[in-house]
Each structure stands twice: as C-alpha cells, then as structure tokens.
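Spelled out from the first residue to the last, the chains are:
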Amino acid sequence: MDLQIKITWPAWLWMNSTAEIIAWSFAELWYEIIWDNEYQSLIKWWLNYFDLFISDTKKLLSKQSDIIIAFNDKNLENSISSLKLGWYIIINKKWSEKLKDKIDFSKYILLDME
C-alpha cells in the first residue's frame, strides 16, 4: 500500500497535530512513514501544508497526493493541483461550497468533515 496525504491549514493550528496522529497511527501498524512539512510561516499564514507518505514497501515522497485534508477553502484551492483525479478531499461542506464555481468536485470523492 502506498498512500500520500496532504494536510493544509493556517500556521500552527492543528495541522501538525493532525499529521502526527495519522503518521503515528500508521507507524504503530509498521508502515514506513516519511513526512515533509513546509516551514510554518506567519507571513503566509493561510497556506501551509504537511505531506505524509505511508507505505508498506518503499520510501518515497511524491508531489501527487491521494488525500487532501483541508481545514479551509484557501488551502484547498492552493493544493488541489497536487491531488490525483478520483481521489479524496476531506473538508467541511461550508468551505467546499465556497469553491464549487472554481473546482469541479465531480472529479474527486468529497468527504464532509462533519
């Protein structure tokens, strides 16, 4: 199994904790974990990310994501280009509604956080 997850959120608000919970959960199951997080910038406040690559066979960090967990609309809009077609977006419905004119959600599987 190879899985790439991108978590996006403003600097210092739940993003690191969410990524670490996911990473340690898979690590406990003996999966290989590699992560890359962007420097948490107050200047770029809204547009920060944390990438996780989870695998049982190899170590690799890819630019393409299988899942995006976006805690707001700005971060999803910024990171949607890295999501593979047909894969998952996890976001609150109120944020995805703001982007329905900009993103064709029919190309992805949309999961509501609520």
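Overview of the structure.

Cut-offs used in this document
- Residues numbered from 1 in each chain as written.
- Predicted model: local features only at pLDDT ≥ 70, side-chain atom pairs only at ≥ 80, totals over all residues.
- Heavy atoms only, no water.
- Pairing = 2+ DSSP bridges.
- Helix = DSSP H or I, 4+ residues; strand = E, 2+ residues; numbered from the N terminus.
- Right-handed = clockwise from strand over helix to strand, strands pointing away.
- Phe/Tyr/Trp six-rings, centres within 6.5 Å; stacked < 30°, edge-to-face > 60°.
- Buried < 20%, exposed > 50% of the residue type's maximum accessible area, 1.4 Å probe, protein only.
- Salt bridge = Lys/Arg side-chain N within 4 Å of Asp/Glu carboxyl O.
- Patch = residues over 30% accessible without salt bridge, like charges linked within 9 Å, V, L, I, M, F, W, Y side chains within 5 Å.
- Areas by Shrake-Rupley, 256 points an atom, 1.4 Å probe, with all protein chains shown as cover.
- Axes fitted to C-alpha atoms, helices over the stretch in contact; angles between N-to-C directions.
- Contact = heavy atoms within 4.5 Å.

Considering the pairing of strand β6 (residues 109–112)
Looking at chain direction, strand β5 (residues 83–91) and β6 are connected through four bridges and run parallel. Bridge assignment links I90 to a residue of β6, and that residue is L111. The handedness of the β5 to β6 crossover, carried by helix α3 (residues 93–98), is right-handed.

Structural notes on the packing of aromatic side chains
What the rule picks out here adds up to two aromatic pairs. Measuring from centroid to centroid gives 5.6 Å for F26 and Y31, while their planes differ by 80 degrees, and the two rings are edge-to-face. In this structure F26 comes out as partly exposed when scored by relative accessible area, which is 21%. Both rings, one in W87 and one in Y88, keep their centres 6.3 Å apart while their planes meet at 75 degrees; by these two values the pair is edge-to-face. Look at Y88 and you get partly exposed, because its relative accessible area is 31%.

A word on the pattern of salt bridges
Enumeration according to the criterion identifies four salt bridges in this entry. Note that D51 and K6 form a salt bridge whose closest N and O atoms lie 3.0 Å from each other. In this pair, D51 sits in strand β3 (residues 48–55) while K6 sits in strand β1 (residues 2–9), placing the two residues 45 residues apart along the sequence. By the burial criterion, D51 is buried, and K6 matches it.

Structural notes on a nonpolar patch on the surface
Nonpolar side chains collect at one region of the surface, where W87, Y88, I109 and L111 lie side by side and expose about 310 Å² of accessible area between them. For the nonpolar patch, the elements supplying multiple residues, two or more each, are β5 and β6. Inspection of the secondary structure assignment puts L111 in strand β6.

Comments concerning the sheet that holds β3
Ordered by their spatial adjacency, six strands build an open sheet running β2-β3-β1-β4-β5-β6, and the pairing between neighbours is mixed. Unpaired on one side and paired on the other, β2 (32–37) and β6 mark the two borders of the sheet. Neighbour-to-neighbour, the strand axes of this sheet turn through a mean angle of 15 degrees, independent of strand direction. Pairing between β1 and β3: eight bridges, direction antiparallel. Looking at the pairing, W9 lines up with N48 of β3. Strand contacts of helix α1 (residues 15–28): β1, β2, β3 and β4 (65–70), with the helix running at about 5 degrees to β3, the strand carrying the most contacts.

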